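Survey of secondary and tertiary structure
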Amino acid sequence: MQAVLVIGRIVFVLVIYLFLLRLLTVLLADLKNKGILTKEESELGCLEVLNGADMLPKGRKIRIEPKGLKIGRGKQNDIVVPDHFCSVDHAEFKYTHGAIIVEDTGSTNGTWVNGERINSPIQLVPGDFVKIGSMTFQYTRWRNEGI
């Protein structure tokens, strides 16, 4: 009889702990949904369009994700630039070792950073100007966080 009581008490305590665990997970999910508790995400930066076209209006901010960003005239790119001076696969922005790297992917007219044509991958810093075809972008931090 005593063994049944001990097992019953252990099961009761386990049920209480499972209830508290479930209550905690529901509370955390609710706090995340309301934006009170947010997950820290890496702020990689963005490209702001300085002179735009119909599909890429001036002032639009394009976030650079950790997987990178491909720009070109071809539809397979992340950002399609409607410009005849832009190659089908023009440039790629990569996140490498905590920095954003821009690389020309064999374009005809080249990729320009701060007025200089790049021939190899180059690390971007906030404030850099990137010219692809006839469009100019400025690399900035996302959400105006400090440097």
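Residues numbered from 1 in each chain as written. Predicted model: local features only at pLDDT ≥ 70, side-chain atom pairs only at ≥ 80, totals over all residues. Heavy atoms only, no water.

The name given to the protein chain in an unreviewed UniProt entry is FHA domain containing protein, and the organism recorded there is Syntrophobotulus glycolicus.

**Focus on the overall build of the protein chain**
A count of helical and extended segments in the protein chain gives one helix and eleven strands. In sequence order, the protein chain lays out its α and β elements as α-β-β-β-β-β-β-β-β-β-β-β. Counting every position in the protein chain, which comprises 147 residues, the buried fraction comes to 31%. Taking as baseline every contact in the protein chain between residues at least 6 positions apart, the subset at least 24 positions apart corresponds to 34%. (Helix = DSSP H or I, 4+ residues; strand = E, 2+ residues; numbered from the N terminus. Buried < 20%, exposed > 50% of the residue type's maximum accessible area, 1.4 Å probe, protein only. Contact = heavy atoms within 4.5 Å.)

**Describing the nonpolar core**
Counting residues in hydrophobic clusters, the biggest one holds 23 residues, and the most contacted among them are Leu-47 and Phe-93. Among the secondary structure elements, those contributing two or more residues to this core are β1 (46-51), β3 (69-72), β5 (91-96), β6 (99-104), β10 (129-132) and β11 (135-140). Counting residues per element, this core draws most heavily on β11, at three residues. Ignoring anything within four residues of it in the chain, the contact list for Phe-93 reads Leu-47, Ile-64, Gly-68, Leu-69, Ile-71, Ile-100, Ile-101, Val-102, Leu-124, Val-130 and Ile-132. (Core = buried A, V, L, I, M, F, W, Y, C linked by side-chain atoms within 4.5 Å.)

**Details of the pattern of salt bridges**
Proximity of charged atoms lets side chains of opposite charge pair with each other. If you walk through the whole model with that rule in mind, you get three salt bridges. Between Arg-63 and Glu-65 there is a salt bridge whose closest N-O contact spans 3.9 Å. Exposure remark for Arg-63: the relative accessible area of 23% places this residue in the partly exposed category. In this structure, the salt-bridge partner of Lys-94 is Glu-103, at a minimum N-O distance of 3.0 Å. (Salt bridge = Lys/Arg side-chain N within 4 Å of Asp/Glu carboxyl O.)

**Observations regarding the sheet that holds strand β7 (residues 111-113)**
Reading across from one edge, β2-β1-β11-β10-β7-β8 is the order of the six strands in this open sheet, with antiparallel pairing throughout. The sheet is open, and its two edges are formed by β2 (61-63) and β8 (116-117), each paired on a single side. In the sheet, β1 pairs with β2 via three bridges, with the strands oriented antiparallel. Following the sheet pairing, Glu-48 is matched in β2 by Lys-61. (Pairing = 2+ DSSP bridges.)

**So, the pairing of β1**
Taken residue by residue, a regular strand's side chains alternate between the two faces of the sheet. Across five bridges, the pairing between β1 and β11 is antiparallel. Bridge assignment links Asn-51 to a residue of β11, and that residue is Thr-136.

**Observations regarding unusual backbone geometry**
Phi at Asn-114 is positive, roughly 50°, even though this residue is not glycine. Checked against the element boundaries, Asn-114 lands in the loop between β7 and β8.

**What about a nonpolar patch on the surface?**
A surface patch of nonpolar side chains, about 820 Å² in accessible area, is lined by Phe-12, Val-13, Ile-16, Tyr-17, Phe-19, Leu-20, Leu-23 and Leu-27. Position of Phe-12 among the secondary structure elements: in helix α1 (residues 2-33). (Patch = residues over 30% accessible without salt bridge, like charges linked within 9 Å, V, L, I, M, F, W, Y side chains within 5 Å. Areas by Shrake-Rupley, 256 points an atom, 1.4 Å probe, with all protein chains shown as cover.)

**So, the side chain of Thr-111**
Secondary-structure assignment places Thr-111 in strand β7. Here His-90 takes part through its side chain, which lies 3.5 Å from a polar atom of the side chain of Thr-111. Excluding residues that lie within four positions of it along the chain, Thr-111 makes contacts with His-90, Ala-91, Val-102, Asp-104, Glu-116, Arg-117, Ile-118, Val-130, Lys-131 and Ile-132. (Polar contact = N/O pair within 3.5 Å; in protein donor to acceptor, adjacent residues only side chain to side chain.)

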